[in-house]
Amino acid sequence: MHKVSIRWRIVIAFTLITLFVAGVFTLAIYKIAHAIEDELLSKEMHAKLELIVANPAYPQATLNDLGLHLFTSGSPVDPQFAKYLVNLRPGFTEVEDHPFSYYLYRQSLHGKDYILVQDESLYEDGFERNLFIALKSGFLLTTLLGVLVGWLLARQIISPIIKLSDAFSQRKVGALDEVPSAHIFPDDEIGSLAQAFEDAYAKLKDALWRERLFTSDVSHEFRSGLMIISSSCELLIQAKAKDDPDYERIERIARASLEMQQLIESLIIVARAEHTATNPARTLMLEQIAQDAFNRWQSGFEAKNILFRLIVKEAPTAQLFNADLLLTALSNLLKNALNYTHHGQVELIIDKTSVSVIDTGVGIDLEQQQQVLKPFVRSNDLPLEGLGLGLSLIQRICESQGWRLSFFSEPGHGSTFTISF
C-alpha cells in the first residue's frame with residue numbers, strides 16, 4: 001500500500017468536504033429553482049389560459065405555432081396527448097416522457113373545464129439549460145477552489161513540521177556541540193514537539209559522550225596491557241629456539257594478543273560508525289584480506305585434522321575494503337567454524353561480490369536461527385567458554401560498512417555464512 005503524505009491527506013480531506021458542501025448546495029439551488037420555475041410557469045399558463053378564453057378568436061394554428069394546445073370538456077382530444085390527460089389533477093403539472101415533455105395546466109373557468117398544454121422544449125432550450133450550465137460551472141469552480149485552498153492550507157499546516165524535520169535531520173549524532181533549536185518554534189503543539197525532540201536529543205548526546213569516554217578509557221587500558229604482552233612475546237620469541245617446546249606457546253600468546261588488539265580496534269570503530277567508512281585505518285583487496293585470515297587460522301584447523309581450503313570461485317572486483325573490520329569479521333566466522341566443526345572440512349570461498357565460510361560442523365538449531373545474530377546468544381553444543389558476541393559483532397560491522405550478512409544452516413550438516421558487498 002502506497003503511503004500518502006500528510007499534505008495530500010489534508011488536500012484530499014478538504015476536497016472531499018468541498019465536494020460534499022458544493023454538491024448539497026448545488027442540489028438545493030436546483031430544487032429551489034425548479035420549485036420557483038413551477039410556480040412562475042403555473043401563473044404564466046393561468047394568465048395565458050384566461051387570455052385565450054377571453055379572446056376565443058385566436059385560431060388553433062396560431063396557438064400551435066406558440067406550442068400551445070387547448071382542450072375543453074367535451075371537445076375531441078388529440079391522441080398524442082390523450083394519455084397525459086387521464087386523471088389529470090387541477091393546476092400545473094409537468095410531464096416528461098422522453099423524447100417529449102410538456103407543461104399541462106387544468107383550470108375551470110366560467111363553469112367550463114379547460115386544459116392548456118405547452119411544449120416544454122421552449123423553456124428547456126433556454127432557462128433550464130442555462131441554469132444547468134450555471135450550476136455545473138459553479139460546482140466545478142467551487143471544487144477547483146476547494147483543491148487550491150486545501151493545498152495552500154496544507155502547505156501552511158505542514159510548513160512548521162517540515163521546518164522541524166529539517167532542523168533535526170541535519171544534525172549529526174556525533175556533533176556534541178549542536179546548539180538547541182527548540183526556541184525557534186512558536187509556543188504551540190509544534191513547539192512542544194520540538195522541545196520533546198530536544199530533550200531526547202540531549203539525553204542521546206549525554207549517552208554518546210559517556211560512551212566515548214568509556215571506549216577511550218577502556219581502549220587505552222586494554223591497549224597498554226596488550227602492548228606489554230606483545231612486546232614481551234617478541235622478546236621471548238627472539239630468545240627461544242624454534243625447536244624449544246615453549247616457542248609454539250609463546251607464538252600462540254602473541255597471535256591471541258594481536259587478535260585481541262584487532263578486536264578492540266574493531267569494537268571501537270563500530271561504536272564510532274560515522275568515521276568508519278570515511279577514515280579506515282588500513283585498506284586492502286578482498287583476496288589479500290582473505291589470504292591473511294586463511295594464514296592465521298590454518299594452523300588451528302591442522303591441529304584438529306580438519307581440511308581447510310581457500311577457494312577463489314571468481315575474481316572479485318577491484319575494490320578496497322576496511323582491512324581491520326573485514327579481517328575481524330572473517331576471523332570470527334572462521335573461529336566459529338573451528339569451534340563447531342569436529343570433522344570434515346571448512347572452506348573460505350571468494351566470489352565476485354561476496355566471501356563465504358562453509359563448514360561441516362554441528363549447524364545451528366532451528367529455534368536458535370532467529371536469535372543467533374543477537375548479542376549473548378550462543379549454541380548449547382559449544383563446550384567452550386564464550387559470551388556469544390562473535391556473530392553480533394560481525395552483524396554490526398556489516399551494518400556499519402553497508403555489507404549484508406546472511407547464513408544458511410542445517411542442524412547436523414554444517415553452516416554457510418556469507419558477507420555480500
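Residues numbered from 1 in each chain as written. Predicted model: local features only at pLDDT ≥ 70, side-chain atom pairs only at ≥ 80, totals over all residues. Heavy atoms only, no water.

Engineer: Describe the overall build of the chain, listing the residues and the values that go with them.
Structural biologist: When you go through the chain residue by residue, the secondary structure sums to ten helices and eleven strands. Burial status across the chain gives 34% buried among its 421 residues. Here the analysis covers contacts within the chain between residues at least 6 apart in sequence; of these, 64% occur between residues at least 24 apart. By element, 60% of the accessible surface of the chain is carried by carbon and sulfur atoms, the whole surface being about 25,900 Å². (Helix = DSSP H or I, 4+ residues; strand = E, 2+ residues; numbered from the N terminus. Buried < 20%, exposed > 50% of the residue type's maximum accessible area, 1.4 Å probe, protein only. Contact = heavy atoms within 4.5 Å. Areas by Shrake-Rupley, 256 points an atom, 1.4 Å probe, with all protein chains shown as cover.)

Engineer: Hey, could you go over the nonpolar core for me, with residue numbers and the actual values?
Structural biologist: Among the nonpolar cores identified, the biggest contains 36 residues, and L348 and I419 are the most heavily contacted of them. Of all the elements in the fold, those that place two or more residues in this core are α8 (286-303), α9 (323-340), β8 (345-350), β9 (354-359), α10 (390-401) and β11 (414-420). What L348 contacts, discounting residues up to four positions off in sequence, is A290, F294, F308, R309, L310, I311, L330, L334, V355, S356 and V357. By size, the runner-up hydrophobic cluster in this structure holds twelve residues, among which are L41, I52, L68 and Y103. (Core = buried A, V, L, I, M, F, W, Y, C linked by side-chain atoms within 4.5 Å.)

Engineer: Account for unusual backbone geometry, naming residues and giving values.
Structural biologist: One non-glycine residue, N305, lies in positive phi territory at about 60 degrees. Relative to the assigned elements, N305 resides in the loop between α8 and β6 (307-312). You can call N305 exposed: its relative accessible area is 71%.

Engineer: Any details on α9? Residues and values, ideally.
Structural biologist: Helix length check: α9 (18 residues) gives 25 Å between terminal C-alpha atoms against 26 Å at 1.5 Å per residue, within 8%. Burial analysis of α9 places 16 of its 18 residues in the buried class, the great majority of the element. Capping the start of α9, N322 holds a side-chain oxygen 3.3 Å from the backbone nitrogen of D324, two or three residues further along. (Expected span 1.5 Å × (residues − 1). Polar contact = N/O pair within 3.5 Å; in protein donor to acceptor, adjacent residues only side chain to side chain.)

Engineer: Summarise the side chain of T418; cite the residues concerned and give the values.
Structural biologist: Relative to the helices and strands, T418 resides in strand β11. Note on T418: relative accessible area 15%, which makes it buried. Here S356 takes part through its side chain, which lies 2.9 Å from a polar atom of the side chain of T418.

Engineer: Which residues make up the sheet that holds strand β2 (residues 91-97), and what values go with them?
Structural biologist: Strand order in the open sheet formed by four strands is β1-β4-β3-β2, and the pairing between neighbours is antiparallel. In this open sheet, the two strands that pair with only one neighbour each are β1 (68-72) and β2. Sheet twist, expressed as the average angle between the axes of neighbouring strands with direction ignored, equals 20 degrees. As paired elements, strand β3 (residues 100-109) and strand β4 (residues 112-119) share eight bridges and run antiparallel to each other. Along β4, the bridge assignment pairs R106 with I115. Contacts between helix α1 (residues 6-54) and the sheet are confined to β1, β2, β3 and β4, with β3 contributing the most and set at about 55 degrees to the helix. (Pairing = 2+ DSSP bridges. Axes fitted to C-alpha atoms, helices over the stretch in contact; angles between N-to-C directions.)

Engineer: Lay out the confidence of the model for the chain in plain terms, naming residues and giving numbers.
Structural biologist: The predicted model of the chain has a mean per-residue pLDDT of 77, with 77% of residues at 70 or higher. Across residues 383-387, confidence stays below pLDDT 50; counting only partners more than four residues off in sequence or on other chains, it has seven contacts. (pLDDT = per-residue confidence, 0-100.)

Engineer: Which residues make up a nonpolar patch on the surface, and what values do they have?
Structural biologist: A cluster of nonpolar side chains, contributed by V4, W8, I12, L16, L19, L145, L148, V149, W151 and L152, occupies part of the molecular surface with about 890 Å² of accessible area. If you list the elements that add at least two residues to the nonpolar patch, you get α1 and α4 (121-169). Tracing the sequence through the fold places L148 in helix α4. With a relative accessible area of 48%, L148 lands in the partly exposed category. (Patch = residues over 30% accessible without salt bridge, like charges linked within 9 Å, V, L, I, M, F, W, Y side chains within 5 Å. Salt bridge = Lys/Arg side-chain N within 4 Å of Asp/Glu carboxyl O.)

Engineer: Which residues make up the pairing of β8, and what values go with them?
Structural biologist: When a strand is regular, its side chains alternate between the sheet's two faces. The element β8 is largely enclosed, with a buried count of five among its six residues. Note that β6 and β8 share six bridges and pair parallel. Looking across to β8, one finds that V312 is bridged to I350. The hairpin turn running from β8 into β9, its antiparallel successor, is three residues long.

Engineer: Run through the pattern of salt bridges, naming residues and quoting values.
Structural biologist: For side chains of opposite charge, pairing can occur when their charged atoms come near one another. Counted according to the given criterion, the structure contains five salt bridges. Taking the shortest distance from any N to any O, the salt bridge between E44 and K48 comes out at 3.1 Å. Remark: K48 and E44 occur in helix α1; sequence separation between them is four residues, near one turn of the helix. Residue E44 is classed as partly exposed on the basis of its relative accessible area of 28%. One salt bridge in this structure joins R309 and E347, with 2.1 Å as the shortest N-O distance. With R309 in strand β6 and E347 in strand β8, the pair connects residues that are 38 residues apart, well separated along the chain.

Engineer: A description of α8 should follow, citing residues and the corresponding values.
Structural biologist: For α8, built from 18 residues, the straight-helix expectation of 26 Å at 1.5 Å per residue is met to within 8% by its first-to-last C-alpha distance of 26 Å. The sharpest bend along α8 measures roughly 40 degrees and falls at W297. Among all positions of α8, only L286, I289, A290, A293, F294, R296, W297 and F301 are buried. N305 sits one or two residues past α8 and shows a positive phi near 60 degrees. (Bend = angle between axes of the 7 residues up to and from the residue.)

Engineer: Describe the side chain of T93, with residues and values.
Structural biologist: Assignment of secondary structure puts T93 in strand β2. Using a relative accessible area of 14% as the deciding quantity, one classes T93 as buried. Leave out the neighbours within four places in its chain, and T93 touches L88, Y102, Y103 and L104.

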